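# Inside the fold
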Amino acid sequence: MNAVAFNEPGLENLNFVNVPVPEIGSNDVLVRVVLAGINPIDYFIVKGLRPVTIFPHIPGSEFAGIVEEVGENVKNLKKSDRVIVYPRIFDGECDFCLEGKEMLCRSGGLIGQVSQGGFAEYTVVPSKNVFKIGDNISWEIAASVPIAALTAYHALKEANVGFNHLTVVVGASGNTGMFAVQFAKMMGAKIIAISRKNWVKDFGADYVTDMERAYDVVRNVSGGKMADVVLDSLGSETFAKSLELVGLNGKIVIFGALTGGEATVPLFKVYSKHLSIVGTTGGTRKEMMEIIAKLDRLKVKVWKKFGLNEARKGLEELFSPQRDGRIFLEIN
Ligand SMILES: NC(=O)c1ccc[n+]([C@@H]2O[C@H](COP(=O)([O-])OP(=O)(O)OC[C@H]3O[C@@H](n4cnc5c(N)ncnc54)[C@H](OP(=O)(O)O)[C@@H]3O)[C@@H](O)[C@H]2O)c1
Ligand SMILES: [Zn+2]
């Protein structure tokens, strides 16, 4: 089968290769990958910023496809089912798995990092990671659920976003941002998007502004109370400004640090304003099911699609200043 793989880290070492179709175990599913989403995590993995141990390594953490074959113990899935894949390997036995927090599994990790990923014609995953989707769901939406949508949804739920809560989404046109805006809208929030892209209004943002004007916009919209929740995973460049946008008893939620991982936290502000700084990562399988029930109400802004043989270019373009929506790899 065709795949992209690297033997040592570096974008220049990511090659279009022909490798054997992987074999399935009795509890596994062989998925014929149709479409894969490209996310910053894929770039970090290929660059070696998130170490991998299997070589040649096939990256790709977010993908959707069609069941090709199931192991002998797999009863709830069959050949030709359209599926998405929960992106975390988990054992189902540790304290966090028992709480339903599979993304925190003590012996788990991300598909495409601790296991071979989906930038390939076929990939093998445990059946407990595989979820059926309806025939009416586009592949672009399907391939946006496992990382982009799920991470945004979980972050909003951890922040208890609810009716009329003033919610700020920083980087609202990004992979996670465009879903954060849509889910926050469904949860009844009032949304201020911080974005260079005006189309985020069509995704449900009530106001769109840039970081420079954000303080005034949030102050005016909130009548001086400031925001209930700020979602900011852009890191060093924006953290201090985001902290200014949160009001009394507010929450700032972080699931990434795209522009750098260091920031100064003014402790006085944290306790005197009764703030919560909440870290999240991924989401649960239960939340993935909740998203599946909402799939026909979601949309995705697609920028470019590349073939598998152009994966390197797809990863590079993630950081293009012209980027305007998601980048996908069209595989089958
Ligand atoms: N822990 C997890 O489970 C998890 C899951 C997904 C993502 N993440 C992390 O969360 C962060 C965001 O991910 P994402 O996939 O949404 O990223 P993305 O698609 O690249 O979106 C980032 C957005 O931020 C805005 N932006 C403003 N300044 C920027 C700058 N200097 N560089 C890049 N973007 C800038 C842009 O939006 P505008 O044009 O609208 O301003 C851009 O679209 C990343 O660090 C990622 O690794 C973590
Ligand atoms: Zn576990």
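Residues numbered from 1 in each chain as written. Chains lettered and ligands numbered in written order. Predicted model: local features only at pLDDT ≥ 70, side-chain atom pairs only at ≥ 80, totals over all residues.

## A short note on the packing of helix 4 (residues 145-158) against helix 9 (residues 285-292)
Relative to each other, helix 4 and helix 9 sit at 105 degrees, their axes nearing to 10 Å. Regarding the angle of helix 4 to helix 9, the classification is roughly perpendicular. Where helix 4 abuts helix 9, its residues V145, A149, L150, Y153, H154 and K157 lie against E287, M288 and I291. Across the contact of helix 4 with helix 9, the residue classes break down as six nonpolar, one polar and two charged. (Axes fitted to C-alpha atoms, helices over the stretch in contact; angles between N-to-C directions. Helix = DSSP H or I, 4+ residues; strand = E, 2+ residues; numbered from the N terminus. Parallel < 35°, antiparallel > 145°, perpendicular 65-115°, else oblique. Contact = placed C-beta atoms within 7 Å. Nonpolar A, V, L, I, M, F, W, Y, C, P; charged D, E, K, R; others polar.)

## A short note on the domain arrangement of the protein chain
Assigned domains within the protein chain: domain 1 (2-144 + 300-330) and domain 2 (148-279). Inter-centroid distance (C-alpha atoms) of domain 1 to domain 2 is 28 Å. The partner domain 2 presents seven residues to the nine residues of domain 1 that form the contact. Of the residues contributing to the side of domain 1 that touches domain 2, the split by class is two nonpolar, three polar and four charged. (Domains from an automatic or database assignment.)

## Examining the nonpolar core
Grouped together as the largest cluster of nonpolar side chains are 96 residues, with contacts concentrated most on V168, V169, A180, V181 and A193. Lining this core are residues from two domains, each supplying at least three of them: domain 1 (2-144 + 300-330) and domain 2 (148-279). Those residues in contact with A193 that lie beyond four places of it in its chain are V169, A172, V181, V200, A205, Y207 and V208. (Core = buried A, V, L, I, M, F, W, Y, C linked by C-beta atoms within 7 Å. Buried ≥ 20, exposed ≤ 12 C-beta atoms within 10 Å, placed from the backbone.)

## Looking at the site of ligand 1
In the vicinity of ligand 1, 25 residues are found, and the nearest of them are G171, S173, G174, S195 and G256. Elements that contribute at least two residues to the shell around ligand 1 include exactly helix 1 (40-47), helix 4 and helix 5 (175-186). For the shell around ligand 1, the leading source of residues is helix 5, giving three residues. (Near = placed C-beta within 6 Å.)

## A short note on the packing of helix 4 against helix 5
At a minimum axis distance of 8 Å, the contact between helix 4 and helix 5 shows a crossing angle of 50 degrees. Judged on the interaxial angle alone, helix 5 and helix 4 are oblique. When you trace helix 4 past helix 5, the crossing you get is right-handed. Where helix 4 abuts helix 5, its residues A148, A149, T151, A152, Y153, A155 and L156 lie against N175, T176, F179, A180, F183 and A184. Looking at the contact of helix 4 with helix 5 residue by residue, the classes come out as 10 nonpolar, three polar and no charged. (Left-handed = near helix turned anticlockwise from the far one by under 90°.)

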